[in-house]
Amino acid sequence: MLEAKNLVYEYKDGSQRLRVLDGVSLSLQAGKSLCIVGPSGSGKSTLLYLLAGLRVPASGSVLFRGRPLEAMSSKERARLRARDFGFVFQQHFLVKHLTVMENIFVSAHKPNRDTLAYARHLVERLGLGGLEHRFPAELSGGQRQRVALARALVNRPAILFADEPTASLDPDSSANLMQLLREVRGETALIMVTHDTRLLDQFDRTVELIDGKLRQVAKRVS
Amino acid sequence: MPQPFSIRHYFLRHKRKSLALMAGLILSMLVIAFVAGMISSVDENVRLAQSFSSRFSVVDALTPEGIPEEKVEAMRSHPDVTAVYPVSQLTIQAPLLVGTTSVPLFTLDAGDLAEFAGDLNVTVLEGRLPAAAGEIAVSRQMAVGKGWQVGDVVGSEVNEGQSPRGRFEMVGLLGDDPYIALATTYREGDGVPGYAVFARPDRRAEVDAWLESAIAVENKIGALTKRSLDETLQDEMGAFSLILALLTAIVTITNTVVTTLLAYIFISQRRPEFALYLALGQPLGRVILRALTETSAVLFLGWAFGMACTTGLFWWVKQSFFDPRGLAFTVFNPTIVLHTLPSPVMITLVLAIVLTLMLSRLDYISVIEGRN
């Protein structure tokens with residue numbers, strides 16, 4: 001469903017050009033999960049943004065259902081992100097003046113009764129029942145990330161991109177969020193960036209990004 | 001259904017910011033409205049003081065020779081002229097809120113006055129029309145402004161500082177026209193009479209043009225028509241209008257700059273929110289339009305509230321200062337709308353440009369990553 005071929009990404013640091021990704025290739029099947037690990041500053045988030053069409057590679061290609069994202073106009077990529085992709089960022093990025101339910105509806109592609117019913121279902125499944133009318137400031141860190149997760153899933157996206165969603169959570173909240181994520185994502189494929197090696201078992205596949213190149217991580221047999 | 005992009009939600013959940021924007025706009029509106037309202041009231045009262053010109057024109061002799069009989073005969077025999085009355089024109093200084101304005105006092109032969117008043121459709125509110133020499137009747141507004149009552153002797157305030165001065169007794173209060181003053185001739189042979197010329201209403205413009213071209217003679221005979229009076233008033237009010245335009249422009253520009261800066265600061269604080277919308281795939285145009293609609297709705301609400309405050313303030317000013325002095329004052333003045341509306345419109349236009357530039361250049365991923 002999603003395929004990356006020889007991705008190269010560079011950015012300017014003063015007069016120097018730093019190559020963050022150097023010929024990265026990977027693929028993801030529908031409904032499967034992929035974890036990207038690596039040291040800080042290795043380019044994990046950049047890779048995630050390239051795969052999600054948020055950034056464009058210097059060279060190489062990202063194909064979603066066979067269509068190269070870099071060949072699309074920025075409007076087409078925006079439409080793709082709105083319809084087919086879901087995002088959970090490292091910070092929850094909830095809108096301060098909106099309630100839980102309104103924050104979830106921020107990304108609702110079709111704000112109709114079905115979407116509302118599904119949003120309510122997600123709220124219940126994510127343990128946010130009764131908090132629908134609260135504002136982000138009235139929620140704990142874990143609750144905020146769960147609202148962000150509901151916002152990412154409300155359109156039933158084909159792929160969920162998660163950028164270290166557990167980074168700011170304590171171990172219990174982190175485990176709880178992962179558990180919920182596994183339960184509610186259904187047929188949605190998942191690509192997640194994390195530092196937390198304890199979570200690797202929960203993914204179908206894990207890759208490690210070191211010095212701009214990907215390395216497959218063998219799944220542990222428990 | 002949750003409405004994350006409801007303008008009402010935005011307003012209610014950002015009360016301080018919204019009220020700050022509204023307060024800035026209301027304050028400047030009150031300044032503009034006050035200046036425009038006061039100057040308009042001067043203009044209104046000065047024009048009203050000359051409102052006789054909407055009913056008849058006056059042909060005046062400018063030299064002691066007077067108006068030749070053939071010219072008088074020409075006026076009387078003109079097919080579109082309905083009446084010609086010999087009149088003398090004196091003046092009464094009617095008070096404005098600040099300063100005074102000259103109001104013409106028409107003195108006529110006692111025998112003509114009733115018919116003249118009939119042509120003017122003058123209503124007598126109290127007392128009667130002047131009938132004998134040296135009697136005067138003025139509008140209620142003027143009487144209030146001057147503090148005159150029926151039975152008073154008011155001669156010393158007529159034609160103040162000019163000649164001839166006379167002795168008049170107030171015999172009546174007149175309605176309809178706020179600045180009408182009629183008197184019977186008080187001393188035979190005083191002054192050189194002019195003529196009040198009434199024309200058929202549908203031919204008024206043509207008759208006025210004829211008076212100006214065929215009857216008026218430069219430096220000898222003057223024709224005071226509606227057009228010539230409007231022209232004179234326009235010249236006299238030009239300075240006032242200039243002051244009004246300058247003050248309004250200064251306040252409008254200052255307000256536009258300050259409010260735009262304030263709105264820009266508020267919008268800049270929402271960059272992470274806009275970055276999120278763009279990252280989630282919302283079209284740039286929609287995000288710009290939404291941010292602009294939210295801000296401009298607050299601005300136009302502030303404008304509407306400012307108009308309401310202005311109307312309330314003007315009503316109080318009219319009741320407290322203008323009515324007791326017998327002065328005209330328009331509470332809902334369209335000029336105020338014309339002078340204040342550009343402010344929110346300008347701010348909205350400037351914000352539209354600023355927002356478009358800001359959001360089209362926004363590196364939303366950097367904002368989300370916290371690097372920008």
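Each chain has its residues counted from 1, following the order in which its sequence is written. Starting at A for chains and at 1 for ligands, labels are handed out in the order in which the entities are written. The predicted origin of the model limits local features to residues at a pLDDT of at least 70 and limits the giving and counting of side-chain atom pairs to 80 or more, whereas totals for whole chains, interfaces and linings rest on all residues. Note: side-chain values were computed over all heavy atoms of the structure, leaving out hydrogens and water.

**Here we look at the overall build of chain A**
Okay, so step 1: In this text, helices come from DSSP runs of H or I with a minimum length of four residues, and strands from runs of E with a minimum of two, each type numbered from the N-terminal end. When its secondary structure is counted, chain A shows six helices and 10 strands.
Okay, so step 2: Put simply, the radius of gyration uses C-alpha atoms, and a globule should come to 2.2 Å times the residue count raised to 0.38. Computed over its C-alpha atoms, the radius of gyration of chain A comes to 17 Å, within 12% of the 17 Å expected for a compact globule of 222 residues.
Okay, so step 3: Considering only C-alpha atoms, chain A reaches an extent of 50 × 45 × 35 Å along its principal axes.
Okay, so step 4: Counting only contacts in chain A whose residues sit at least 6 apart along the sequence, the fraction spanning at least 24 positions is 68%.
Okay, so step 5: As displayed, chain A offers around 10,200 Å² of accessible surface, 46% of which is attributable to carbon and sulfur atoms.
Okay, so step 6: When charges are tallied, Lys and Arg are placed among the positive residues and Asp and Glu among the negative ones, while His and the ends of the chain are skipped. Just so you know, the charge point we use is NZ for Lys, CZ for Arg, CG for Asp and CD for Glu. One way to put it: in chain A the 32 positive side-chain charges average out to a point 5 Å from where the 23 negative ones average out. Any pair of residues with heavy atoms lying within 4.5 Å of one another is described as a contacting pair. Reported accessibility uses the Shrake-Rupley method at a 1.4 Å probe radius. Residues are deemed covered only where the shown protein chains occlude them.

**Thoughts on a positive patch on the surface**
Okay, so step 1: Together, Lys75, Arg79, Arg83 and Lys110 of chain A make up a region of like positive charge exposed at the surface.
Okay, so step 2: Mapped onto the elements of the fold, Lys75 of chain A is located in helix H2 (residues 74–84). Residues enter a patch when their relative accessible area is above 30% and they make no salt bridge; the linking distance is 9 Å between like charges and 5 Å between nonpolar side chains (Val, Leu, Ile, Met, Phe, Trp, Tyr). Within this document, salt bridges are pairs made up of a side-chain nitrogen of Lys or Arg and a carboxyl oxygen of Asp or Glu, the two lying within 4 Å of each other.

**Considerations on the domain arrangement of chain B**
Residues and elements named next belong to chain B.
Okay, so step 1: Domain parsing of chain B yields domain 1 (7–46 + 234–369) and domain 2 (54–224).
Okay, so step 2: What marks off one domain from the next here is an automatic or database domain assignment. For domain 1 versus domain 2, the separation of C-alpha centres amounts to 47 Å.
Okay, so step 3: It is Asn45, Gly326 and Leu327 that lose the most area in domain 1 upon contact with domain 2, and together they represent 48% of the buried surface on that side.
Okay, so step 4: Between domain 1 and domain 2 we count zero salt bridges in total.
Okay, so step 5: Distance and chemistry together define a polar contact, namely a pair of N or O atoms within 3.5 Å, with one atom able to donate a hydrogen and the other to accept it when in protein, and with adjacent residues in sequence counting only for side-chain atoms on both sides. Joining domain 1 to domain 2, the criterion identifies zero residue pairs in polar contact (both at pLDDT 80 or more).
Okay, so step 6: Contributing elements (two or more residues each) for the side of domain 1 that touches domain 2: helix H2 (15–49) and helix H9 (284–322).
Okay, so step 7: When residues of the side of domain 1 that touches domain 2 are assigned to their parent elements, the largest contribution, four residues, is made by H2.
Okay, so step 8: A breakdown of the residues in the side of domain 1 that touches domain 2 according to their chemical character gives eight nonpolar, two polar and two charged. Buried area is calculated as the accessible area (1.4 Å probe) missing from two parts once they are joined, with the contributions of both summed. As a working rule, the residues Ala, Val, Leu, Ile, Met, Phe, Trp, Tyr, Cys and Pro are called nonpolar, Asp, Glu, Lys and Arg charged, and the rest polar, with Gly in that last group.

**Some points on the interface of chain A and chain B**
Okay, so step 1: With 26 residues of chain A at the interface, the matching set in chain B holds 27 residues.
Okay, so step 2: Roughly 2,200 Å² of surface becomes buried between chain A and chain B when both sides are summed, with 67% attributable to carbon and sulfur atoms.
Okay, so step 3: Along the contact surface separating chain A from chain B lie two salt bridges.
Okay, so step 4: Note that Arg13 of chain B is salt-bridged to Glu102 of chain A, the shortest N-O span being 2.4 Å.
Okay, so step 5: Where chain A meets chain B, there are six residue pairs in polar contact (both at pLDDT 80 or more).

**A short note on the pairing of strand S5 (residues 135–139) of chain B**
Residues and elements named next belong to chain B.
Okay, so step 1: Only protein chains enter the accessibility calculation, which uses a 1.4 Å probe. A residue is then buried if its area is under 20% of the maximum for its type, exposed if over 50%, and partly exposed in between. Counting buried positions along S5 yields five of five residues, so the element is predominantly enclosed.
Okay, so step 2: A pair of strands is labelled paired if DSSP reports no fewer than 2 bridges between them. Pairing geometry for S5 and strand S6 (residues 169–174), over five bridges, is parallel. Following the sheet pairing, Ser139 is matched in S6 by Leu174.
Okay, so step 3: Direction of pairing for S5 relative to strand S7 (residues 181–184): antiparallel, over a ladder of three bridges. When the sheet's bridge partners are listed, Ile136 is paired in S7 with Ala183.

**Describing the packing of aromatic side chains**
Okay, so step 1: Pairing of aromatic rings covers Phe, Tyr and Trp, the last through its six-membered ring, and needs centres within 6.5 Å; plane angles under 30 degrees mean stacked, over 60 mean edge-to-face, and all others mean tilted. In total, this model carries 16 aromatic pairs over all chains according to the counting rule given.
Okay, so step 2: Measuring from centroid to centroid gives 5.1 Å for Phe64 of chain A and Phe85 of chain A, while their planes differ by 85°, and the two rings are edge-to-face. Taken together, the residues span a long stretch of sequence, with Phe64 of chain A in strand S4 (residues 59–64) and Phe85 of chain A in strand S6 (residues 85–88) at a distance of 21 residues.
Okay, so step 3: Ring geometry for Trp316 of chain B and Phe321 of chain B: centres 5.6 Å apart, planes at 85°, overall edge-to-face.
Okay, so step 4: Since its relative accessible area comes to 45%, Trp316 of chain B is described here as partly exposed.
Okay, so step 5: These aromatic residues form a ring-pair network of at least three members: Phe64, Phe85, Phe87, Phe89, Phe93 and Phe161 of chain A.
Okay, so step 6: Only Lys NZ and Arg CZ are tested; either one counts as a charge over a ring when it is within 6 Å of the ring centre and within 35 degrees of the ring normal. Its end group placed over the ring of Tyr118 of chain A, Arg156 of chain A keeps NZ or CZ at 3.9 Å from the ring centre.

**Focus: helix H8 (residues 271–279) of chain B**
All names here are of chain B.
Okay, so step 1: H8 sits mainly inside the fold: seven of its nine residues count as buried.
Okay, so step 2: When H8 is considered as a whole, its buried residues turn out to be Glu273, Phe274, Ala275, Leu276, Tyr277, Leu278 and Ala279.
Okay, so step 3: Among the residues trailing H8, Gly281 stands out with phi positive, at a value near 100°.

**Things to note about the packing of helix H4 (residues 113–125) of chain A against helix H6 (residues 171–184) of chain A**
Residue and element names in this part refer to chain A.
Okay, so step 1: Here the axes come from fitting lines to C-alpha atoms, over the contacting stretch only for helices, and the angles between their N-to-C directions go from 0 to 180 degrees. Following both chains from N to C, one finds H4 and H6 inclined at 145°, their axes separated by 11 Å at the closest point. The two elements H4 and H6 meet at a crossing, and its hand is right-handed. Across the interface between the two elements, Tyr118, Leu122 and Arg125 of H4 pack against Leu180, Glu183 and Val184 of H6.
Okay, so step 2: By residue class, the composition of the contact of H4 with H6 is four nonpolar, no polar and two charged. Take the far helix as your reference; a near helix turned counterclockwise from it by less than a right angle gives a left-handed crossing, and one turned clockwise gives a right-handed crossing.

**Structural notes on a nonpolar patch on the surface**
Residue and element names in this part refer to chain B.
Okay, so step 1: On the surface, a cluster of nonpolar side chains totalling about 540 Å² of accessible area is made up of Leu97, Val98, Trp315, Trp316 and Phe321.
Okay, so step 2: For Leu97, the location among the structural elements is in the loop between strand S2 (81–95) and strand S3 (100–108).
Okay, so step 3: Residue class for Leu97 comes out partly exposed when judged on its relative accessible area of 33%.

**Topic: the pattern of salt bridges**
Residues and elements named next belong to chain B.
Okay, so step 1: In total, this model carries 21 salt bridges over all chains according to the counting rule given.
Okay, so step 2: The salt bridge involving Arg200 is made with Asp202; its shortest N-O contact spans 3.1 Å.
Okay, so step 3: Notably, a salt bridge pairs Asp208 with Arg204, separated by 3.3 Å at the nearest N-O pair. With a gap of four residues between them, Asp208 and Arg204 both fall in helix H6 (residues 204–215), about one helical turn apart.
Okay, so step 4: Under the relative-accessibility criterion, Asp208 is labelled buried at 8%.

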